[in-house]
Amino acid sequence: MRTLPNVKLTKAKSGYARQISQGWDSWQESFELVPSGKLVARLVTAKEKALEISDQSQSVVPFDLGGFPMMAHAYASKGSSWRLSCDDFLLMIGSPMKGWSVQVRYLSAGLWEHGLSALQDRVRALLWAGDEFEGNKTDEPDYAIGSTSGVRVSRADYCFDFHSPDFKREFRPRLQENIVAHSSVKSHAHCDLWENGGRGETLNIGKINNLQVAIYDKTKEIREASGKEWMIDLWLAGTDGEWIWDEKPDNVWRLEIRLGKEFLKNRNIRDCGQVLKHRDELLIEALYTRRLTRPSRTDKDRKRWPLHPIWSLAVEAIGQGAMVPLGRRVTGRRDALVDASMKQIRGTMRAMSVLHTGKYDARFLQDVLLNATDEIEADPEHEKKTQAAQFRYEHVDEAR
């Protein structure tokens, strides 16, 4: 490991921020496996069936993999040919003509619910049992004889959650001026959205395929995007059950370290055991080399400015144990998706009325809705598409 910069920590004032969770939030592995001919035939058929139901990206059909129920998607992830998923992980399967054609991405909820080790055990049993996959079914390398592992870590995200109303007031565009990163790092900082007063919500430093450190408003992301309300149970576990908000949870800022494939490869850290063994050094390096600082009134050289209080709290937290798995959680995601769909429908109908009549015309829209329900029920594949939607949303409220 390289020598870290000689940069001091900043002692946060009392009440500035409170850490309420930390742990792995995403983990992706590549396997030196290829799908068998028999599995490829089943995957092709499943993908065709999903496309027959709908050409939408969310179209899925049931798929049995070694006795384990999964969903086969109409579309694969970039770089793969087929995609299977369940509540806890995604399987991305490539062509049998190339090696290392199987990738697994462990999802956030699965990691918090079961823990990394338990998910890995489940996936390895699934991939290595039977004859669905062929290739190197060795987990950890045997360094004594120089053999290599058949599993490589290609992405690992570790996060810290802090409750900090003060940081919201501090998070303005000028905060970008306090970023310090190595000259070789193509760093970028952006505030994706703006609230009243010009406050930011997301700050990214570095490239995601190499090493990126980000801080963003997790409570807003949950409300408006992911619907991961099970995180509240996680935060309550971190506060020993104390409700630290006035009403709904807010001002929870996630500091996320994204260890990418290039970063790990350049440090000759490829397998799970190495990542876990060197976890602390990797996280510390990320926080120091892609850092937010607290400006000094007396020193004009920003490279000597101390770490920002939240970065400092994360440094102090490294080495402490991550939180124990939560167990199964229900998310409330169904209601969030219904609300989002209704907003989309209302916006589409308003636009349709203006396009057709030049104004908002309630009577026109009522006729459109009546005709739409008739056309839905007249569709010869109505039952088939309804069953596909029921399957797609069968486990929508389970943590993901």
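Residues numbered from 1 in each chain as written. Predicted model: local features only at pLDDT ≥ 70, side-chain atom pairs only at ≥ 80, totals over all residues. Heavy atoms only, no water.

1. Topic: the overall build of the protein
Reasoning step 1: What the protein contains, in helices and strands, is 13 helices and 14 strands.
Reasoning step 2: A total of 400 residues make up the protein; the buried ones form 44% of that total.
Reasoning step 3: Contacts in the protein between residues at least 24 apart in sequence constitute 68% of all its contacts with a sequence separation of at least 6. (Helix = DSSP H or I, 4+ residues; strand = E, 2+ residues; numbered from the N terminus. Buried < 20%, exposed > 50% of the residue type's maximum accessible area, 1.4 Å probe, protein only. Contact = heavy atoms within 4.5 Å.)

2. Regarding the pattern of salt bridges
Reasoning step 1: Following the criterion strictly, the structure yields 20 salt bridges and no others.
Reasoning step 2: Across the pair D166 and R169 runs a salt bridge whose closest N-O atoms are separated by 2.2 Å. Taken together, the positions of D166 and R169, both in helix α4 (residues 165-170) and 3 residues apart, correspond to about one turn of that helix.
Reasoning step 3: With a relative accessible area of 18%, D166 lands in the buried category.
Reasoning step 4: Exposure remark for R169: the relative accessible area of 48% places this residue in the partly exposed category.
Reasoning step 5: For the salt bridge of K220 with E201, the shortest nitrogen-to-oxygen distance reads 3.7 Å. Placement of the pair is K220 in helix α5 (residues 218-226) and E201 in the loop between β10 (179-181) and β11 (202-207), with a sequence separation of 19 residues.
Reasoning step 6: With relative accessibility at 14%, the residue K220 sits in the buried group.
Reasoning step 7: What makes E201 buried here is its relative accessible area of 5%.
Reasoning step 8: Within the structure, one salt-bridge network assembled from shared partners comprises K13, D166 and R169. (Salt bridge = Lys/Arg side-chain N within 4 Å of Asp/Glu carboxyl O.)

3. Let's talk about the packing of aromatic side chains
Reasoning step 1: Applying the stated criterion across every chain yields a total of 10 aromatic pairs.
Reasoning step 2: Considering the side-chain rings of W24 and Y158, the 5.0 Å spacing of their centres and the 90 degrees angle between planes classify their relative orientation as edge-to-face. Here W24 is found in strand β1 (residues 18-31), whereas its partner Y158 is found in strand β9 (residues 151-163), with 134 residues between them in sequence.
Reasoning step 3: Residue W24 is classed as buried on the basis of its relative accessible area of 13%.
Reasoning step 4: The interplanar angle of 20 degrees and the centroid separation of 5.9 Å between the aromatic rings of F68 and F89 together place this pair among those described as stacked. With F68 in strand β4 (residues 68-73) and F89 in strand β6 (residues 89-93), this residue pair connects regions lying 21 residues apart in the sequence.
Reasoning step 5: Take F68: its relative accessible area is 23%, and that puts it in the partly exposed class.
Reasoning step 6: Judged by its relative accessible area of 0%, F89 is buried.
Reasoning step 7: Through successive ring pairs, a cluster of aromatic residues spans W24, W27, Y158, F160 and F162.
Reasoning step 8: Between R152 and the ring centre of W100, over which it is positioned, the NZ or CZ distance is 4.1 Å. (Phe/Tyr/Trp six-rings, centres within 6.5 Å; stacked < 30°, edge-to-face > 60°. Lys NZ or Arg CZ within 6 Å of the ring centre and 35° of its normal.)

4. Topic: the pairing of β9
Reasoning step 1: For β9, the tally of buried residues reaches 11 of 13 residues, placing the bulk of the element in the interior.
Reasoning step 2: Taken together, the 12 bridges between β1 and β9 define a ladder with antiparallel strand orientation. The residue bridging W24 from the neighbouring strand is Y158, located in β9.
Reasoning step 3: With 9 bridges joining them, β9 and strand β13 (residues 252-260) adopt antiparallel strand pairing. Across the sheet, A156 pairs through a bridge with L259, a residue of β13. (Pairing = 2+ DSSP bridges.)

5. Points about the pairing of strand β7 (residues 102-106)
Reasoning step 1: Burial of β7 is one-sided: the residues V102, V104 and Y106 facing one way are buried, the residues Q103 and R105 facing the other way are not.
Reasoning step 2: Bridge count for β1 against β7 is 5 bridges, and the pairing is antiparallel. From the neighbouring strand, Q28 faces β7, where its bridge partner is R105.
Reasoning step 3: Relative to β7, β6 runs antiparallel, the two being bridged by 5 bridges. Among the inter-strand pairings, L90 is bridged to a residue of β7, identified as R105.

6. Observations concerning helix α1 (residues 37-53)
Reasoning step 1: Between the first and last C-alpha of α1 there are 25 Å, a value that for 17 residues agrees with the 24 Å anticipated at 1.5 Å per step.
Reasoning step 2: Within α1 the residues assigned to the buried category are L39, V40, L43, A46, A50 and I53. Taken end-on, α1 shows its buried residues confined to a sector of 145 degrees, consistent with a single buried face. (Expected span 1.5 Å × (residues − 1). Arc of directions from axis to C-beta.)

7. What about the confidence of the model for the protein?
Reasoning step 1: Put simply, the protein has an average pLDDT of 84, and 84% of its residues get 70 or more.
Reasoning step 2: Within the model, pLDDT remains below 50 along residues 190-196, and this stretch shows 19 contacts once partners closer than five positions in the same chain are excluded.
Reasoning step 3: Confidence over residues 328-332 falls short of pLDDT 50; this stretch has 17 contacts with residues more than four positions distant or in other chains. (pLDDT = per-residue confidence, 0-100.)

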